[in-house]
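# Tertiary structure, described
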Amino acid sequence: MGRVTEDLVNLYADTDALGMAGLIRRKQVSSQEMVETAIELIERFDPRLNTIVIRTFELARETAQDPGDGPFAGVPFLLKNLGSMWKGTPMTFGLGYTRDFVCSVDSEMSKRMCASGLAVLGRSNTPEYGWCITTEPRLYGPTVNPWNPAVTAGGSSGGSAAAVAARLVPIAEASDGGGSIRVPASCCGVVGLKPSRGRISYGPHDVDIWFGSIYALCNTRTVRDAAAFLDATAGTLPGDPYNPPRGECSWSSVLADKPRKQRIGFTLTAPWGEPFAPDVRAAVLDAVKLFESLGHEVEEYTFKVDLEAAWWRYNDIIAVETAGEFAQLAKAVGRPVTEADLAPFNWSMLVHSASLSAEQYSASFAAIRKAGQQIAMELSPYDVFITPTLTQPPRPVGYWSMEDGDRERYLARWSDAAFMFSFNISGLPAMSVPMAMSGDGVPIGIQFVGRYGDEAAILALAGQVEEASPWIGRRPAICVA
């Protein structure tokens, strides 16, 4: 096996993040052993998967020497190659243009991740600058889906989800502006929780990003790891523009109690584009049957809000915000970004931003705020609302390639993810749960949506489902053990 034993590898692969932290706390294994096991497995398996594009093994080894007493003390972990600033670590955003960028400060989330004791082994692969639901950047090449290399691992947190699914790490950072936590969770068969708007602070470097439509958390194999990570990282700073309500109990504690009877809504109607694929429709109906067997009240509902119109308005906002972000990056790089620096789709977004007037931008902003309000109002009668994460099973590699410079054609392909951005603009918490498998043997995620500030309801239901119909024993074709 090399530096570590087969027994240690099997223990590592079978243990979630909290379980691993418990083993370390009880001195059944050392944090150094866990980190060295992770490093060896990454070196052996990641050339087949391409999940990790920046390695910080020495940083992880330093943490393992004295991981502290946080909830994840000594647990191997990946940052995403986009978003969180961890002082002294490189971050390229998947771009050759920013290949020399090194974080000069810590974001508040990074401080909290550090305090929890996580040992950062590197940064996971993302698509170029993130606005994509596959992970196939020019700079690093595609991340492979460990269940089937012919289909996408999802994006933009595809490297994180694939690494967790293949057991390279038990937990990895993920972020989400239109499905980027939940889509790869669905494609790779892991858990992906997008919290409520404002639950994770953007500070202190940023105040607001995309008007509260960017979210950060993680990909995990178990619901309890997602809850514990939320406990460790949630919180606002003075002056933050959003402050969601929070219960007195920790999110981890809600998993200990049997959920009360919940009113659950579900849909079988795609907002636009293709109808649900047969395997996806069957997965939703199977989920409904399980909820009923667990004693919950279930009701079908079809959205009235025009989500397709909101999708195009949202992309006006994103185009302008992205142009502003590249203007800021130009100060760090020392020159403006050029067409040669970017995949054709990203360049088309910058071109589109320049075509929008202030009046058009303002109208699009008002439209997505109104659509977000309508979504929240429509779903308010339900404790939890259910959709498929994607309306189709994972698409072939290349289907969402950013090499397509036709902006309208590229964005029209996102109809598979029509239920993703909806909960970015509305601010509601949403979670992809790996409840099903397709006939072709790839995962299908079911999305749980809660009321604003009520992550507890979806975590409690997901924990109940995990116990009633566990997915933890499923292993992909490419797996460390």
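As the structure is a computational prediction, the values presented were derived from the model and not from experiment. (Residues numbered from 1 in each chain as written. Predicted model: local features only at pLDDT ≥ 70, side-chain atom pairs only at ≥ 80, totals over all residues. Heavy atoms only, no water.)

To continue, consider the overall build of the chain. A tally of helices and strands in the chain yields 15 helices and 11 strands. Relative to a compact globule of 481 residues, whose C-alpha radius of gyration would be 23 Å, the chain shows 21 Å and is just as compact. In terms of overall dimensions, the chain has a C-alpha envelope of 60 × 60 × 45 Å along the principal axes. Put simply, the chain has 481 residues, and 62% of those count as buried. (Helix = DSSP H or I, 4+ residues; strand = E, 2+ residues; numbered from the N terminus. Rg over C-alpha atoms; globule rule 2.2 N^0.38 Å. Buried < 20%, exposed > 50% of the residue type's maximum accessible area, 1.4 Å probe, protein only.)

On to the packing of aromatic side chains, then. With the rule as written, the count across this model stands at 27 aromatic pairs. Seen in terms of ring centroids, Y301 and F303 are 6.5 Å apart; in terms of plane orientation they differ by 70 degrees. Their pairing is edge-to-face. For the pair Y301 and F303, one class covers both residues: buried. Note on F303 and F385: the rings are 5.5 Å apart at their centroids and 75 degrees apart in plane angle, and the pair reads as edge-to-face. You can see F303 sitting in the loop between β8 (297–300) and α10 (307–333) and its partner F385 sitting in strand β9 (residues 384–388), a full 82 residues away along the chain. In this pair, the class of F303 matches that of F385, namely buried. Each residue in the set W131, W210, W272, W311, Y314, F345, Y410, W414 and F421 is aromatic and connected to the rest through ring pairs, giving one cluster. The ring centre of Y242 lies 5.8 Å from the NZ or CZ of R197, which sits over that ring. Its end group placed over the ring of Y399, R413 keeps NZ or CZ at 6.0 Å from the ring centre. (Phe/Tyr/Trp six-rings, centres within 6.5 Å; stacked < 30°, edge-to-face > 60°. Lys NZ or Arg CZ within 6 Å of the ring centre and 35° of its normal.)

If you look at the biggest cluster of nonpolar residues, it comprises 145 residues, and the most contacted ones within it are L121, W131, F229, F291 and F448. Residue contributions to this core peak at eight residues, all from helix α3 (residues 31–49). Contact partners of F229, with chain neighbours within four places excluded, come to F72, F77, M109, M113, L118, I171, L217 and C218. M91, Y97, F101 and A330 belong to the second largest nonpolar core, which has 15 residues in total. (Core = buried A, V, L, I, M, F, W, Y, C linked by side-chain atoms within 4.5 Å. Contact = heavy atoms within 4.5 Å.)

At their nearest, the axes of helix α8 (residues 223–233) and helix α15 (residues 455–468) sit 9 Å apart, and the two run at 155 degrees to each other. Put simply, α8 runs roughly antiparallel to α15. For the element pair α8 and α15, the recorded crossing hand is left-handed. Contacts from V223, A227 and L230 in α8 reach E455, L459, A462, G463 and E466 in α15. (Axes fitted to C-alpha atoms, helices over the stretch in contact; angles between N-to-C directions. Parallel < 35°, antiparallel > 145°, perpendicular 65-115°, else oblique. Left-handed = near helix turned anticlockwise from the far one by under 90°.)

Here the structure, examined in full by the defined rule, presents 19 salt bridges. Residue E297 pairs with R263 through a salt bridge whose shortest N-O separation is 3.8 Å. Of this pair, E297 sits in strand β8 while R263 sits in strand β7 (residues 263–266), and the two are 34 residues apart along the sequence. Relative accessible area serves as the criterion here: at 39%, E297 is assigned to the partly exposed category. Shared partners join several salt bridges into a network, and the residues in it are E36, E58 and R61. (Salt bridge = Lys/Arg side-chain N within 4 Å of Asp/Glu carboxyl O.)

The next point concerns the pairing of β8. When β7 meets β8, the two strands line up parallel, connected through four bridges. Along β8, the bridge assignment pairs G265 with E299. As a crossover connection, the stretch from β7 through helix α9 (residues 278–293) into β8 is right-handed. (Pairing = 2+ DSSP bridges. Right-handed = clockwise from strand over helix to strand, strands pointing away.)

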